[in-house]
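# A structural walkthrough
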Amino acid sequence: MTPAPMSFYEEIGGHDAFVRLVDAFYRGVADDEVLRPMYPEEDLGPARERLTLFLEQYWGGPTTYSQQRGHPRLRMRHAPFHVNPEARDRWLAHMRTAVDELALPPVHEATLWDYLERAAYAMVNTFEPTGIGPSAGARSDSSLPLRAAPESPASGR
């Protein structure tokens, strides 16, 4: 009988590896003038916990994230925040430092980084420069369209 293949989660070190990754990431976020305002809690502990649980589940670890919070719905959960290319690039810079600290074998590093980079690009929801829009980092509901624009009679639709 062939043993079941290990998940990526297990291959890189399980819970401890993801805790180290997330802790290193949030060390950078804590002092980042663009990203820090996106975290409403004074203590980044809850954000650390959420990201750790999400990444563990995504990579084949425990499903605690979904049990506690439901479907990840990343775009929806990030919609209230001003995630522009500058925020994305800062997020990626802090995550790059964190991934490098793990010193993973090249194939694991490339696999993890590919996902993180794609996820960061997918979260961009505005191209407004930093400093434009809500100053606290959260976007107001009025900045999001509530319904499609009315059809023009001339359009023939």
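Residues numbered from 1 in each chain as written. Predicted model: local features only at pLDDT ≥ 70, side-chain atom pairs only at ≥ 80, totals over all residues. Heavy atoms only, no water.

## A short note on helix α3 (residues 45–58)
Over its 14 residues, α3 extends 20 Å from the first C-alpha to the last, a length consistent with the 20 Å expected when each residue adds 1.5 Å. Those residues of α3 that fall on the buried side of the exposure criterion are Ala47, Leu51, Thr52, Leu53, Phe54, Leu55, Glu56 and Gln57. Looking at the buried positions of α3, the neighbouring elements they touch are α1 (8–11), α2 (14–29), α4 (64–69), α5 (74–78), α6 (85–102) and α7 (106–123). Looking one or two places after α3, you find Gly60, whose phi comes out positive at around 100°. (Helix = DSSP H or I, 4+ residues; strand = E, 2+ residues; numbered from the N terminus. Expected span 1.5 Å × (residues − 1). Buried < 20%, exposed > 50% of the residue type's maximum accessible area, 1.4 Å probe, protein only. Contact = heavy atoms within 4.5 Å.)

## What about the nonpolar core?
Within the largest apolar cluster, 39 residues are counted, with the highest numbers of intra-cluster contacts made by Leu21, Phe25, Tyr26, Leu55, Met95, Leu112 and Leu116. Mapped onto this core, the elements with two or more residues apiece are α1, α2, α3, α6 and α7. Not counting chain neighbours up to four residues away, the residues in contact with Leu112 comprise Phe8, Leu21, Trp59, Val99, Leu102 and Leu104. (Core = buried A, V, L, I, M, F, W, Y, C linked by side-chain atoms within 4.5 Å.)

## Digging into the pattern of salt bridges
One pass over the structure, following the stated rule, counts ten salt bridges. Close ionic contact of Arg50 with Glu41 constitutes a salt bridge, the shortest N to O distance being 3.2 Å. When its relative accessible area of 25% is taken as the criterion, Arg50 is described as partly exposed. Notably, a salt bridge pairs Glu109 with Arg96, separated by 2.7 Å at the nearest N-O pair. Here the residue Glu109 occupies a position in helix α7, and Arg96 occupies one in helix α6, the gap between them amounting to 13 residues. Look at Glu109 and you get partly exposed, because its relative accessible area is 21%. Given a relative accessible area of 23%, Arg96 falls into the partly exposed group. What you see here is one network of salt bridges that share partners, running through Asp32, Glu33, Glu86 and Arg90. (Salt bridge = Lys/Arg side-chain N within 4 Å of Asp/Glu carboxyl O.)

Interpretation in functional terms is not warranted from these geometric data alone.
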